[in-house]
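Residue strings, one per chain:
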Amino acid sequence: LGCGAPGIYTPFVFQDTQEKDKTIPPERAEEAKLKAKYPNLGQKPGGSDFLMKRLQKGQKYFDSGDYNMAKAKMKNKQLPSAGPDKNLVTGDHIPTPQDLPQRKSSLVTSKLAG
Amino acid sequence: NKTQSHSRGEYNVYSTFQSHEPEFDYLKSLEIEEKINKIRWLPQKNAAQFLLSTNDKTIKLWKISERDKRPEGYNLKEEDGRYRDPTTVTTLRVPVFRPMDLMVEASPRRIFANAHTYHINSISINSDYETYLSADDLRINLWHLEITDRSFNIVDIKPANMEELTEVITAAEFHPNSCSTFVYSSSKGTIRLCDMRASALCDRHSKLFEEPEDPSNRSFFSEIISSISDVKFSHSGRYMMTRDYLSVKIWDLNMENRPVETYQVHEYLRSKLCSLYENDCIFDKFECCWNGSDIVMTGSYNNFFRMFDRNTKRDITLEASRENNKPRTVLKPRKVCASGKRKKDEISVDSLDFNKKILHTAWHPKENIIAVATTNNLYIFQDKMN
């Protein structure tokens, strides 16, 4: 091998459990990436908070009083289109069935680099 | 306007109708989307077609019928429908049916409403052809097709304290032959088989299908990707197929502790789960379908869809796109390169378009014709041997 007399050099061997399995399972590597980005992420994704969010996914709230008033006004004048914050529900900016805001969240182009 | 030409396999739109409208739930101040979640055909009993369609809250039974002749020659009515003055009628004639341009009419026959607190994810017609089930995140109801003001709750997994909620129902289906048997899948990757003869409320399963998990592989994503997005019985009813985020599993109803076969749909995505979680793609709900009991099909990203042959163990990846496939040419198999050197004609994982997802596919019940839905288009492919 050319590094000196064979048999003399005795390296320390640290008991490293990861040494045995050099490749970290891809899922764990991905998990580490996610936790690095979002340190406050809860431990259990299947927990009730997560599921509760899932049960309510996509629900949009509206105010029936404002909605009916806006509908009445619409007959007479052109309403301005919904303001910059589409979730803000007040007065003239209530969505009507005809112009409900886009429900599909705009999917971010995949950032799958590395 | 049916202008089909069977030998050339061209298709035309048969009928278009608005099934559901957007609604507002005033009591809860919620908007109810008109988006259709599921459609199921009823077995055909006469000339008309019947189907059930559902949005988040309401199921509707539609009758689709053809009309290709109309009566002409009334005595008291003009052809345009206006009534004639009886004093001007001097002769009598017998009205006759004359051919007319084909008209396809869709009319709502039943509306099954107000039975679901949560979003309906599945409907399934029973083999008795009289009843059907509808499932939302926490409950499953049984309906009679003729009765709209009553339904029976047959599964309720809502905990008394919502803080204890650990899983939700993701799909449900009746057995194709046994009218008292149905299955439902969960967000934790389990399937429960229930028998309605056992009790009125089927909260206790007759069988629980679950593959034991390797604890060393457990990660934050494990439960999310194990969530079953679709469950389908084979035509014989001996097997059932489940689709989770990365794979398709075939289960033998006689064996609960593991699937008999597992097929990887897009295993290369396992090392991209972090990004897929961030862009919400990890929650995409893919469906799957059978060709009899031998071939299964499911969709993926980049407008790819996959087929697995259970007998030969061969699989193929095809693409539904107009740019890459001229009409009436044989589809070229596609291949994704997970890592390393990309061969010519392969596409690398990082080039996949995750906005182009194929969630819905269907196989013709009798012939080798498939329907594949991309975001904006419906593709119909048929076997070149046809």
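Residues numbered from 1 in each chain as written. Chains lettered and ligands numbered in written order. Predicted model: local features only at pLDDT ≥ 70, side-chain atom pairs only at ≥ 80, totals over all residues. Heavy atoms only, no water.

Chain B is annotated in an unreviewed UniProt entry as Serine/threonine-protein phosphatase 2A 55 kDa regulatory subunit B of Pardalotus punctatus. Word for word, the UniProt comment on chain B under Sequence similarities (unreviewed entry) is "Belongs to the phosphatase 2A regulatory subunit B family." (UniProt positions renumbered as here; feature names shortened; annotations may be inferred.)

The name that an unreviewed UniProt entry assigns to chain A is Alpha-endosulfine, with the source organism given as Pardalotus punctatus. What UniProt states about chain A under its Sequence similarities (unreviewed entry) heading is, verbatim, "Belongs to the endosulfine family." Of the comments in the UniProt record for chain A, the one headed Subcellular location (unreviewed entry) reads "Cytoplasm".

Colleague: Tell me about unusual backbone geometry, and please be specific about residues and values.
Modeller: Residues and elements named next belong to chain B. Of note in the backbone geometry, Ser-29 takes a positive phi value of approximately 55 degrees without being a glycine. For Ser-29, the location among the structural elements is in the loop between β1 (23-25) and β2 (30-32). Even without a glycine there, the phi angle at Asp-345 is positive, about 75 degrees. Among the structural elements, Asp-345 can be located in the loop between β23 (335-337) and β24 (346-348). (Helix = DSSP H or I, 4+ residues; strand = E, 2+ residues; numbered from the N terminus.)

Colleague: Break down the layout of surface pockets for me, with residues and values.
Modeller: As a volume, the second largest pocket reaches approximately 760 Å³. Lining the second largest pocket are 26 residues, and of these Glu-211, Glu-213, Ser-222, Ser-226 and Lys-249 of chain B lie nearest its centre. Mapped onto the lining of the second largest pocket, the elements with two or more residues apiece are α2 (26-37) of chain A together with α1 (222-226), β17 (247-252) and β18 (261-264) of chain B. The element that contributes the greatest number of residues to the lining of the second largest pocket is α1 of chain B, accounting for 4 residues. (1 Å grid on protein atoms, 1.4 Å probe; cavity = no way out; pocket = protein on both sides within 12 Å on 5 of 7 lines; lining within 4 Å. Points joined across faces, edges and corners; volume = space filled by probe spheres on them.)

Colleague: Let's hear about the nonpolar core: which residues, and what values?
Modeller: Core analysis: the largest hydrophobic core is formed by 24 residues, its most contacted members being Phe-221, Tyr-245, Leu-269, Leu-276, Tyr-277, Ile-282 and Leu-352 of chain B. For this core, the element with the highest residue contribution is helix α2 (residues 273-278) of chain B, accounting for 4 residues. Those residues in contact with Tyr-277 of chain B, other than ones at most four positions away along the chain, are Leu-34, Leu-41 and Phe-50 of chain A together with Phe-220, Phe-221, Ile-224, Ile-282 and Phe-283 of chain B. (Core = buried A, V, L, I, M, F, W, Y, C linked by side-chain atoms within 4.5 Å. Buried < 20%, exposed > 50% of the residue type's maximum accessible area, 1.4 Å probe, protein only. Contact = heavy atoms within 4.5 Å.)

Colleague: Got a sec to walk through the sheet that holds strand β20 (residues 295-299) of chain B? Specific residues and values, please.
Modeller: Residues and elements named next belong to chain B. Read across the open sheet, the 4 strands follow the order β19-β20-β21-β22; overall the sheet is antiparallel. Two strands lie at the open edges of the sheet, namely β19 (288-291) and β22 (315-319), each paired on one side alone. If you compare each strand with its neighbour and ignore which way they point, the axes differ by 20 degrees on average. Note that strand β21 (residues 304-309) and β22 share 5 bridges and pair antiparallel. Bridged to Phe-308 within β22 is Asp-315. (Pairing = 2+ DSSP bridges. Axes fitted to C-alpha atoms, helices over the stretch in contact; angles between N-to-C directions.)

Colleague: Just give me the short version of the packing of aromatic side chains, but keep the residues and values in it.
Modeller: Residues and elements named next belong to chain B. In total, this model carries 17 aromatic pairs over all chains according to the counting rule given. The interplanar angle of 45 degrees and the centroid separation of 4.7 Å between the aromatic rings of Tyr-301 and Phe-354 together place this pair among those described as tilted. Linking Tyr-301 in the loop between β20 and β21 with Phe-354 in the loop between β24 and β25 (360-363), this pair joins segments that are 53 residues apart in sequence. When sorted by exposure, Tyr-301 lands in the same class as Phe-354, which is buried. Each member of the aromatic cluster is reached from another via a ring pair, and the members are Phe-220, Phe-221, Tyr-277 and Phe-283. Taking NZ or CZ as reference, Lys-77 lies 4.8 Å from the ring centre of Tyr-74, over its face. Over the face of the ring belonging to Tyr-239 we find Arg-310, whose NZ or CZ atom lies 4.2 Å from the ring centre. (Phe/Tyr/Trp six-rings, centres within 6.5 Å; stacked < 30°, edge-to-face > 60°. Lys NZ or Arg CZ within 6 Å of the ring centre and 35° of its normal.)

Colleague: Let's hear about empty space enclosed by the protein: which residues, and what values?
Modeller: All names here are of chain B. A complete count under the given rule lists 1 cavity of 30 Å³ or more for this structure. In this model, the largest cavity occupies a volume close to 50 Å³. What lines the largest cavity is Lys-38, Arg-40, Ser-122, Ile-123, Ala-171, Ala-172, Glu-173, Asp-230, Val-231 and Lys-232. Among the elements of the structure, β3 (38-41), β7 (120-125), β11 (169-174) and β15 (230-233) are those that each provide at least two residues to the lining of the largest cavity. Among the residues making up the lining of the largest cavity, the classes are represented as 4 nonpolar, 1 polar and 5 charged. (Nonpolar A, V, L, I, M, F, W, Y, C, P; charged D, E, K, R; others polar.)

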